[in-house]
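Spelled out, the chains give:
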Amino acid sequence: MSPRLRTHPRSTAPIAALIGTLAAGCLMAPAFIAPSGLMFLSEAPCTPPRSFIGRGRAALRASVAAARNPRKAAAAQAAVPSIEQAEKTSFGRGLAAMAIGAVAGALGGSLGLGGGFLVVPALTSLLAVEPRFSIGTSAAVVLAVSCAACRAYVSRGLASPRAAAIIAVAALTTARIGATTTSKVNPKTLKKVFGGWLIIVSCLIGAKAFGLFGAGTSFPGAGEVAPVLPLLGLGAATGFISGLLGVGGGTVLVPALTLGFGFTQPEAQGCALLGMIPPAIVSTYTHWSKGNVDKGIVAYAVAGALMGGVAGSMAAAHLPEKALRIAFSVVLACVGVKYLSS
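Position numbers for residues start from 1 in each chain and track the written sequence from start to end. In view of the model being predicted, local features appear only for residues whose pLDDT reaches at least 70, and side-chain atom pairs are presented and counted only at 80 or more, with totals across whole chains, interfaces and linings using the full set of residues. Neither water nor hydrogens contribute to the side-chain values; these are computed over all heavy atoms in the structure.

**Topic: the overall build of the protein chain**
Filter applied, for reference: Numbering of helices and strands starts at the N terminus; helices are DSSP runs of H or I of at least 4 residues and strands are runs of E of at least 2. Working definition: with a 1.4 Å probe on protein chains only, accessible area under 20% of the residue-type maximum means buried, over 50% means exposed, and in between means partly exposed. Should any heavy atoms of two residues lie within 4.5 Å, those residues are counted as being in contact. Per-residue accessibility takes into account occlusion by the displayed protein chains alone, with areas from the Shrake-Rupley method and a 1.4 Å probe.
Check the secondary structure of the protein chain and you find 15 helices and zero strands. The 342 residues of the protein chain split such that 43% are buried. Here the analysis covers contacts within the protein chain between residues at least 6 apart in sequence; of these, 83% occur between residues at least 24 apart. For the protein chain, the computed accessible surface area is about 17,600 Å², with 70% contributed by carbon and sulfur atoms.

Structure below.
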């Protein structure tokens, strides 16, 4: 007769412990498989087992809920954008910003406006960029357009270094003040006043182009004999407005130089582009340091502005002065209307 196996009353405890361990492992499995679980493990390798079990139970409850109501789970899944969708959206916004920069660079380079007059409203209305970030990003675009476009004007002797240096010195002192004021003051009233002034000036330039208005005689080399103090005042006003509104300053400089200082249209445009490079650097740096630049699209916008600025400045060198004045007048009027309606 074979001896009977004697069972201890507590011999079932190891089996129960083993079953409990396996159950806990099944509950912990989703936490190891899910990316959040992997990240959780890498961040806290010494986490107590209870937190793993809690994560596993949460994942199990989510799975059960998805099985009971698959439509609701699918809708929730579709509502969360994937990484690929986010990358496509970001790339699409970048291409749109590049197109805006290219158009602004072409117009700004050909008319000496810097392009900021187009970038700010385009980024705000088309890409839903906050106005503060639109102005800061526009400052970087203006700098790119000025650097790319002024080379063609300087190589043809259409930019006075003397007048540009005087304007730049004065604008440097006020550009930072204007850029700092952007985040503190609501510039809507100033934009409307500025828009009205642009419309009046555009009418005067258009009348001068057709010989209906005589505001002094334009002559080559006016920048070498222009008085210093008025140029300093003009540069100070231009620098402040450029920093405040994110425009290149050409909307102020070009009309003032052609109507008040006797500059020809090409020389006024070249002087405006050359003179606004130093204050544009200060304005861009200030906006960047204060977080007013949309870093997701600024590189695309600057790339487009560089290409457009070169093309626009080359086209302007082959256009007659009357055509430049008419084009400048039309664009300036459109900018003024935009500022009035904003």
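There's plenty left to go through after this.
**Quick word on the packing of helix α12 (residues 265-275) against helix α13 (residues 277-289)**
Here is the rule we go by: Axis lines are fitted through C-alpha atoms, for helices just across the contact stretch, and the angle between N-to-C directions can take any value from 0 to 180 degrees. Angle categories are assigned with fixed cut-offs, so that under 35 degrees is roughly parallel, over 145 is roughly antiparallel, 65 to 115 is roughly perpendicular, and the rest are oblique. Classification used: nonpolar for Ala, Val, Leu, Ile, Met, Phe, Trp, Tyr, Cys and Pro, charged for Asp, Glu, Lys and Arg, polar for all others including Gly.
Two numbers describe how α12 lies on α13: the axes approach to 5 Å, and their chain directions differ by 40°. If you check the angle between α12 and α13, you find them oblique. Note on element contacts: α13 touches α12 through I277, P278 and P279, opposite L273, L274 and G275. When its residues are assigned to classes, the contact of α12 with α13 shows five nonpolar, one polar and no charged.

**Concerning the nonpolar core**
Definition in use: The definition of a nonpolar core used throughout is a set of buried Ala, Val, Leu, Ile, Met, Phe, Trp, Tyr and Cys residues joined through side-chain atoms within 4.5 Å.
In terms of nonpolar packing, the biggest core is built from 35 residues, with L231, L257 and F263 touching the most fellow members. Top element by residues in this core is helix α11 (residues 250-260). It accounts for six residues. The residues contacting L231, other than those within four sequence positions of it, are R162, A163, I166, I167, A226, L257 and F261. In terms of nonpolar packing, the next biggest core, distinct from the first, is built from 14 residues, A104, L123, V129 and I297 among them.

**Examining the packing of α11 against helix α15 (residues 321-341)**
Note the following rule: It is the rotation of the near helix from the far one that decides the hand of a crossing: anticlockwise by less than a right angle makes it left-handed, clockwise makes it right-handed.
Relative orientation of the contacting elements α11 and α15 amounts to 135°, with a least axis distance of 12 Å. Of the possible angle classes, the one that applies to α11 and α15 is oblique. In this structure, α11 crosses over α15, and the sense of that crossing is left-handed. Between α11 and α15, the residues in contact are G250, T251, V254, P255 and T258 and R325, F328 and L332, respectively. Classifying every residue of the contact of α11 with α15 gives four nonpolar, three polar and one charged.

**Focus on helix α9 (residues 188-209)**
Where we set the bar: Multiply 1.5 Å by the residue count of a helix minus one, and that product is the helix's expected span.
In this model α9 runs 31 Å from its N-terminal to its C-terminal C-alpha over 22 residues, within 8% of the 32 Å that 1.5 Å per residue would give. Once α9 finishes, G211 follows within two positions and takes phi at roughly 75°, a positive value.

**Focus on the pattern of salt bridges**
As a reminder, the rule being used: A side-chain nitrogen of Lys or Arg and a carboxyl oxygen of Asp or Glu constitute a salt bridge if their distance falls within 4 Å.
Per the counting criterion, the structure on display carries two salt bridges. In this structure, the salt-bridge partner of D294 is R93, at a minimum N-O distance of 3.8 Å. A residue pair is termed long-range when its members are at least 10 positions apart, and D294 in the loop between α13 and α14 (298-316) and R93 in helix α5 (residues 83-111) qualify at 201 residues. Residue R93 is classed as partly exposed on the basis of its relative accessible area of 26%. Between E130 and R132 there is a salt bridge; the shortest N-O distance is 3.8 Å. Residue R132 is classed as partly exposed on the basis of its relative accessible area, which comes to 28%.

**What about unusual backbone geometry?**
One non-glycine residue, A128, adopts positive backbone phi at about 55°. Secondary-structure assignment places A128 in the loop between α6 (116-126) and α7 (131-155).

**Describing the side chain of T284**
The condition that has to hold: For this analysis, a polar contact is any N or O atom pair within 3.5 Å, provided that within protein one partner can donate a hydrogen and the other can accept it, and provided that sequence-adjacent residues contribute only side-chain to side-chain pairs.
When you line up the elements, T284 lands in helix α13. Of note is the side chain of T284, whose polar atom sits 3.1 Å from the backbone oxygen of A139.

**Focus on the environment of H318**
On the secondary structure map, H318 appears in the loop between α14 and α15. A polar atom in the side chain of H318 sits 2.9 Å from the backbone oxygen of M314.

**Points about the environment of S146**
With respect to the element layout, S146 can be found in helix α7. If sequence neighbours within four positions are ignored, S146 has contacts with L273 and I277.

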